[in-house]
Every structure is written in structure tokens, then in C-alpha cells.
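One-letter residues, chain by chain:
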Amino acid sequence: MTTDPKLTKLRTELDSRRSRHLYRSTRVADSPQQPHRHIDGKALLTFCSNDYLGLANHPDVIHAFQQAANTYGVGSGAAHLVNGHSRPHQQLEEALAAFTGRERALLFSTGYMANLGVVNALLNGRNDVVYADRLNHASLVDAGLLSAAKLIRYPHNDTHHLGKRLLAQEGEGATQLILTDGVFSMDGDVAPLSRLAKLARHHEAWLMVDDAHGFGVLGKTGAGLVEAEGLTQDDVPILMGTLGKALGTAGAFIAGSHDLIDYLIQTARTWIYTTAQPPAVAAATLASLQLVQTEPWRREHLQALIQQFRQGAAHLGVPLMPSNTAIQPIMVGSSEKAVELSRQLEARGILITAIRPPTVPADTARLRVTLSAAHTPEDVKQLLDSLAQIWH
């Protein structure tokens, strides 16, 4: 083994992560995205996927992908502004704008790139300020850190504290941007969007909502938390949604006004300088979006499973966090205990990943249970029965 001091430093850090139960490894799946899967050679019932509506393996979505691949090939071959923008891309952007009640939408390769692209396009001065909820997703945190703006992280969902910070920055002539998750990915609770929108209007700040975990699931039609809160494009000028969670495909979009999208086309570097997603993915997403609108039973079934799980966990004395979404974290505390509980569940045929720092704050390691419309009540009962065996 080499004694290169650079590699020795890396090995020391890796050993430290192992000793603190923070080391992560990749699993290999040999089956489609669905509750019952074959992973690392084992049959497992999974409760750690973001495929909230069970559309990742839907035959209509698969067929649309195959048909588009036959017509357009696999790769798009170029960025959108070169010659990579295909008819399915255009159709999907128009459909997403209509579905979310916005003037236009713009596709990005990932949610991470969408967040980085928007924040760095809008905030390009040293006097600009970005306000980020302390529990925001890493992509929003990084977007603020990588911008030229001053980053202020306010306590989770504390609009009173945020209001005082906004007031303190008034009069400086700076662009101000409030960044928040819609549904917080590790806790499952939601942002107080109505209060945030009121603050943004009062202080003439942009409000951007990352609704990755609400889009497709929340709201009367599935358009997300913004729809569920009865808010408009004027209330939430910048909406980000991902396509790889409830819609079961891949990629992301920003939806907003004509001027906003036009400005991003000219200035968002993570959009301008990235190869467009495969046209077949856009076509598959169109099929998935249609299913979201025509099969509301998926959201209804998911809500029933959420209630079944929460009631069962309460009966067992399993401490859940206050969430009414598909994300149902079981608070554990130590990383060692979270890893051990995950291991015991896997031994019983159930896969739930232990979430540990730095993904979550120190001493808040948890089992992040996620439910899907593809689960059955019997699946949830199996999970509850296994928790009953190991929890105490």
C-alpha cells in the first residue's frame, strides 16, 4: 500500500467516519424502483424511496420513454441553446407551466443545478442578500454559499426572526432573496408559505420555493404545496420542482413569469452550459404528469397509508416527527443507534436507510421512512410489526 501522505490523510478521514458510524456505501439494485426490490442480492421491502406516487415503474411512463427513444434516440447531444432542445422538451415545459399555473417553465438536468442556476443568476452583487431556512436542502445552502451574496440562515420556519433580519437590510438597495424548501426533506414538515409570501412582498424580496417533495403529491391536483396553500405566481415568483421524485423520472424545472424564465435562459450558467436531458426522459415525464392529473387515487391512497403508519407508530410508542407528508422520520438520536436499527430491520427484510450527520444536525440521526402509493396496507403492517420487534 502506498505511503503517499495525501492518500494517508484521506484514509485517516475515512477511518474516522467509520468509527463514528458516518461512513456511507452504495447499494446495487437488480430490480425496478418499486417497494419490493432485489438489492445486494437480497429481497427487501423498501421504505426509503422518493417515488411517492409509484410512477417510476409505471407501464405508460416506460412506453412513452421507449417510443421517444425510438424517435429521438438516447442522448440530446447538446445544450438547449445549441441544438439539444427537442419537441418533447418544449411540450413538457409548456405542460409544467400550465399545470403549476405559471407563465413559463424551464427544464434543468437536476434540482441541484436548478437551485444553483437561479440563485447565482439573480444574486450577483456583494450587497445582495440571500435568506435561507436553516433546514434547507444542501442544494439551496450551496446555492447561497456559491453566490456573490451575503448568506443569512434563519431559524427553521421562524418568520418573526426572518422579518427582523429583512428589516435590518432595508435601504441598502440590494436584491434580496428568500429561499425555502416547501416540504423539508429530512423532517417532512412544510414551510409557512403564506407568511413568507407576505414578508417577501412587504420587503420587496424574491421568494423561491424548492417544492421537490411536495410537487405531484400535495394540493388538489398535485401541483404542490403552493397550490395547497392557495398561492399564486405573484405570491411565490420562483417555483422549483423536481421530476425524479413523485413523477418518477429525472430532472427539474423552474416555473415563473415570462421575464424570469427569459432572464434565466440568458444568465443561468447551470442551464446554458449543460447538455439537455434526453428527449425520452421529457416524453416519459409528460406521460407521468398526465397520470398525476388523471389518477388522484394515488394521492388519496398515499394519505391513507400515512395515517395508518402514524397511528400504528403512536400505538407502539415509536417517536415520529410532526409530519403529514410522505416523509415520516423516526427520531433516534445517535448515529450508532440509527445504524443498528437499520441493520435489524434489514435482517427482517425491510430497507430503511439511517440518516446521519452532516445530512442532519448532530444527535438527530433518524430512520427516514418514506411511503409511496405503490405500497399496500399489508406492506405498512409488515413495517409496523418489524418495528414492534426491535424498538424496545
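Above this text you will find the structure in question.
This one's a predicted model, so the numbers in the text were calculated from it and none came from an experiment. (Residues numbered from 1 in each chain as written. Predicted model: local features only at pLDDT ≥ 70, side-chain atom pairs only at ≥ 80, totals over all residues. Heavy atoms only, no water.)

One pass over the structure, following the stated rule, counts two cavities of 30 Å³ or more. The calculated volume of the largest cavity comes to roughly 60 Å³. In this structure, the largest cavity is lined by Gln33, Gln34, Pro35, Thr46, Phe47, Cys48, Ser49, Asp51, Thr370, Ser372 and His375. Tallied by class, the residues present in the lining of the largest cavity amount to three nonpolar, seven polar and one charged. What the second largest cavity holds in volume is close to 40 Å³. Considering the residues around the second largest cavity, the lining is formed by His80, Leu107, Phe108, Ser109, Thr270, Trp271, Thr274, Thr275, Ala276 and Gln277. Those elements that place two or more of their residues in the lining of the second largest cavity are strand S3 (104-108) and helix H11 (269-272). Classifying every residue of the lining of the second largest cavity by side-chain character gives four nonpolar, six polar and no charged. (1 Å grid on protein atoms, 1.4 Å probe; cavity = no way out; pocket = protein on both sides within 12 Å on 5 of 7 lines; lining within 4 Å. Points joined across faces, edges and corners; volume = space filled by probe spheres on them. Nonpolar A, V, L, I, M, F, W, Y, C, P; charged D, E, K, R; others polar. Helix = DSSP H or I, 4+ residues; strand = E, 2+ residues; numbered from the N terminus.)

With that settled, the discussion passes to the sheet that holds strand S12 (residues 354-355). Here we have three strands laid out as an open sheet, ordered S10-S13-S12, and antiparallel in their pairing. Two strands close off the open sheet at either side, each with one partner strand: strand S10 (327-333) and S12. The strands touched by helix H14 (residues 335-347) within the sheet are S10, S12 and strand S13 (365-370), with S13 carrying the most contacts at an inclination of about 35°. (Pairing = 2+ DSSP bridges. Contact = heavy atoms within 4.5 Å. Axes fitted to C-alpha atoms, helices over the stretch in contact; angles between N-to-C directions.)

A word on the packing of aromatic side chains. Each aromatic ring pair is specified by the distance between its two centres and by the angle formed by the two planes. With the rule as written, the count across this model stands at two aromatic pairs. Both rings, one in Phe215 and one in Phe253, keep their centres 5.0 Å apart while their planes meet at 65°; by these two values the pair is edge-to-face. Of the two residues, Phe215 sits in the loop between strand S7 (206-210) and helix H9 (225-228) while Phe253 sits in strand S9 (residues 252-256), which places them 38 residues apart along the sequence. As far as the burial class goes, Phe215 and Phe253 line up, both buried. Clustering of aromatic rings is evident, with ring pairs tying together Phe99, Phe215 and Phe253. Positioned above the aromatic ring of Tyr23, the side-chain terminus of Arg18 is 4.3 Å from the ring centre. Lys337 extends its terminal NZ or CZ atom over the ring of Trp391, reaching a point 5.4 Å from the ring centre. (Phe/Tyr/Trp six-rings, centres within 6.5 Å; stacked < 30°, edge-to-face > 60°. Buried < 20%, exposed > 50% of the residue type's maximum accessible area, 1.4 Å probe, protein only. Lys NZ or Arg CZ within 6 Å of the ring centre and 35° of its normal.)

With 76 residues, the main nonpolar core has Leu96, Ile178, Phe309 and Ile330 as its most contacted residues. Once you skip the residues sitting within four places of it in the chain, Ile178 turns out to touch Tyr131, Tyr154, Leu162, Leu166, Leu196, Ala200, Ala205, Trp206, Leu207 and Met208. The next biggest cluster of nonpolar side chains, apart from the first, holds 28 residues, and it includes Val119, Ala121, Leu140 and Ala268. (Core = buried A, V, L, I, M, F, W, Y, C linked by side-chain atoms within 4.5 Å.)

For the largest pocket, the calculated volume is near 1000 Å³. Lining the largest pocket we find 42 residues, and of these Ser25, Cys48, Thr353, Ala354 and Ile355 sit closest to its centre. Only strand S1 (36-39), helix H5 (111-122), strand S8 (238-242), H14 and S12 provide two or more residues apiece to the lining of the largest pocket. Looking at the lining of the largest pocket, the element that brings in the most residues is H14, giving four residues. Here the lining of the largest pocket is composed, by residue class, of 14 nonpolar, 17 polar and eleven charged. Estimates place the volume of the second largest pocket at around 370 Å³. Around the second largest pocket, the lining comprises 19 residues; the ones closest to its centre are Leu135, Asn136, Pro358, Thr359 and Val360. The leading source of residues in the lining of the second largest pocket is helix H6 (residues 138-146), at three residues. Per-class residue counts for the lining of the second largest pocket are nine nonpolar, five polar and five charged.

A few words on the packing of H5 against helix H10 (residues 258-267). Interaxial distance between H5 and H10 falls to 10 Å at its minimum, and their mutual angle equals 95°. By the angle class used here, H5 and H10 are roughly perpendicular. Packed against H5, whose contacting residues are Val118, Ala121 and Leu122, the element H10 presents Leu260, Tyr263, Leu264 and Thr267 at the interface. The residue inventory of the contact of H5 with H10, partitioned by class, reads six nonpolar, one polar and no charged. (Parallel < 35°, antiparallel > 145°, perpendicular 65-115°, else oblique.)

Let's shift gears to the side chain of Arg366. Along the chain, Arg366 turns up in strand S13. Apart from the residues within four sequence positions on either side, Arg366 is in contact with Met186, Asp187, Met321, Pro329, Ile330, Met331, Val332, Ala338, Thr353, Ala354, Ile355 and Val360.

As for its position among the elements, Ser86 is in the loop between helix H3 (80-84) and helix H4 (87-100). When its relative accessible area of 11% is taken as the criterion, Ser86 is described as buried. In this view, Ser86 contacts Tyr72 and Pro279; residues no more than four positions away in its chain are not counted.

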